[in-house]
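# Structural overview
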Amino acid sequence: MRVVVIGTGTLGSALAEALYEAEHEVVRVSRSGDEKADVTDRASLDDLFTRIGTFDAVACAAGDVFPGPLVDSTDDQWRDSLRSKGMGQIDAVRSALPYIADGGSFTLVSGILGDEVTRAMTIGATVNGLVESFVRAAATELPRGLRINCVSPTVLVESPQYYPYFPGFVPVPARDVALAYLRLMSNPYNGEIVRLHRVG
Ligand SMILES: NC(=O)c1ccc[n+]([C@@H]2O[C@H](COP(=O)([O-])OP(=O)(O)OC[C@H]3O[C@@H](n4cnc5c(N)ncnc54)[C@H](OP(=O)(O)O)[C@@H]3O)[C@@H](O)[C@H]2O)c1
């Protein structure tokens, strides 16, 4: 497969590595990546998918959400989070749709927030819910044998900066999440949310 991976950070890098190991071709995308695009800018997504040639899968591992207490949250934090991890991923699918190969797949990322309760993560939980609802609904509508799924990781082992927001949660290695992406894009799953949650 030729796979477009949006996000070149912790998760995107682990996914690229897993894809290379499985002998797939990877197009690495971020605002500063080999191929540049900003998921908050629809025109830049359209430009990306028109210039990179044919591809079989799109995997999103990008998008920011603001952590913090609901009572202190600002309009900018809500708008930017919805626009980045929320609409950014949805727009990546919408922009790629005319160009992705028949039978291709999309894999988006949500997260444990929304399924499990933490303090001060209401924005993240809301955005994850948006992404997962989009995936479930879009799966019923995609044409040409296209599929769409979602990975929902808990906090990553490689992201200790987020541990204070997840007291008592068992982190998951980024590689396990990468393999979940690979499983979803390589097999006939559609409309699935794969939860990589380690809770007792
Ligand atoms: N890390 C965790 O513990 C964890 C747990 C659950 C879910 N997640 C989710 O997994 C995703 C990736 O997390 P991560 O830890 O890998 O993040 P990360 O290490 O901070 O990397 C984020 C990547 O996304 C790119 N990016 C950010 N904004 C972008 C934009 N507007 N357009 C295009 N690319 C953009 C960044 O590159 P540029 O700055 O060059 O654009 C970077 O390559 C996020 O959606 C996060 O919510 C993470």
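The structure under discussion appears in the preceding block.
An account of the accompanying structure is given in this report. Source: prediction; values computed, not measured. (Residues numbered from 1 in each chain as written. Predicted model: local features only at pLDDT ≥ 70, side-chain atom pairs only at ≥ 80, totals over all residues. Heavy atoms only, no water.)

For the rest of this paragraph, the subject is the site of the ligand. The immediate surroundings of the ligand are formed by 24 residues, with Thr 8, Leu 11, Arg 31, Ser 32 and Lys 85 found nearest. Note that an oxygen atom of the ligand is positioned 3.0 Å from one of the side-chain N or O atoms of Ser 30. Within the side chain of Ser 159, an N or O atom sits 2.9 Å from a nitrogen atom of the ligand. If the ligand stood free it would expose 890 Å²; the protein chains cover 84% of that surface. Of the residues contributing to the shell around the ligand, the split by class is 10 nonpolar, 11 polar and three charged. (Near = heavy atom within 4 Å. Polar contact = N/O pair within 3.5 Å; in protein donor to acceptor, adjacent residues only side chain to side chain. Areas by Shrake-Rupley, 256 points an atom, 1.4 Å probe, with all protein chains shown as cover. Nonpolar A, V, L, I, M, F, W, Y, C, P; charged D, E, K, R; others polar.)

Attention shifts here to the pattern of salt bridges. Side-chain pairs of opposite charge can arise where the charged atoms are in close proximity. Throughout the structure, instances matching the rule amount to 12 salt bridges. One network of salt bridges, in which partners are shared, links Glu 35, Asp 47 and Arg 51. (Salt bridge = Lys/Arg side-chain N within 4 Å of Asp/Glu carboxyl O.)

Here we come to helix α5 (residues 174-186). Compared with an ideal rise of 1.5 Å per residue, which puts 13 residues at 18 Å, α5 spans 18 Å between its outermost C-alpha atoms and is within 8% of the ideal. Those residues of α5 lying buried are Ala 174, Val 177, Ala 178, Ala 180, Tyr 181, Leu 182, Leu 184 and Met 185. Tucked into the core, α5 has its buried residues touching β1 (2-6), α1 (10-21), β4 (57-60), β5 (105-109), β6 (147-153) and β7 (193-196). (Helix = DSSP H or I, 4+ residues; strand = E, 2+ residues; numbered from the N terminus. Expected span 1.5 Å × (residues − 1). Buried < 20%, exposed > 50% of the residue type's maximum accessible area, 1.4 Å probe, protein only. Contact = heavy atoms within 4.5 Å.)

The next point concerns unusual backbone geometry. Of note in this structure, Glu 23 is not a glycine but carries a positive phi near 65°. Turning to its location among the elements, Glu 23 is positioned in the loop between α1 and β2 (25-30). One non-glycine residue, Arg 144, lies in the positive phi region at around 60°. Mapped onto the secondary structure, Arg 144 falls in the loop between α4 (122-138) and β6. Looking at Arg 144, the relative accessible area reads 37%, which means it is partly exposed.

Read across the sheet, seven strands follow the order β3-β2-β1-β4-β5-β6-β7 without closing on themselves; strand pairing throughout is parallel. Edge positions in the sheet fall to β3 (35-36) and β7, since each of these pairs with one other strand and no more. As judged from the two bridges shared by β2 and β3, these two strands associate in the parallel manner. Counterpart to Ser 30 in the pairing with β3 is Lys 36. Across the face of the sheet, helix α3 (residues 75-96) comes into contact with β1, β4, β5 and β6 while running at roughly 175° to β5. (Pairing = 2+ DSSP bridges. Axes fitted to C-alpha atoms, helices over the stretch in contact; angles between N-to-C directions.)

Here the structure, examined in full by the defined rule, presents two aromatic pairs. Ring geometry for Phe 166 against Phe 169: centres 5.7 Å apart, planes inclined by 80°, an arrangement best described as edge-to-face. Across the pair, exposure class does not vary: Phe 166 and Phe 169 are buried alike. (Phe/Tyr/Trp six-rings, centres within 6.5 Å; stacked < 30°, edge-to-face > 60°.)

Two elements in contact, α1 and α5, have axes separated by 8 Å at closest approach and are oriented at 55°. Here α1 lies oblique to α5, going by the angle between them. Crossing geometry of α1 relative to α5 is assigned as right-handed. Of the residues in α5, those touching α1 at Thr 10, Leu 11, Ala 14, Leu 15, Ala 18, Leu 19 and Glu 21 are Ala 174, Arg 175, Val 177, Ala 178, Leu 179, Tyr 181, Leu 182 and Met 185. (Parallel < 35°, antiparallel > 145°, perpendicular 65-115°, else oblique. Left-handed = near helix turned anticlockwise from the far one by under 90°.)

With respect to the element layout, Ser 95 can be found in helix α3. Judged by its relative accessible area of 1%, Ser 95 is buried. Within the local environment of Ser 95, its side chain forms a polar contact with the side chain of Arg 42, the two groups lying 2.7 Å apart.

Of note, Ser 30 is situated in strand β2. At 2.9 Å, the side chain of Ser 30 forms a polar contact with the backbone nitrogen of Gly 33. Excluding residues that lie within four positions of it along the chain, Ser 30 makes contacts with Thr 8, Glu 35, Lys 36 and Ala 37.

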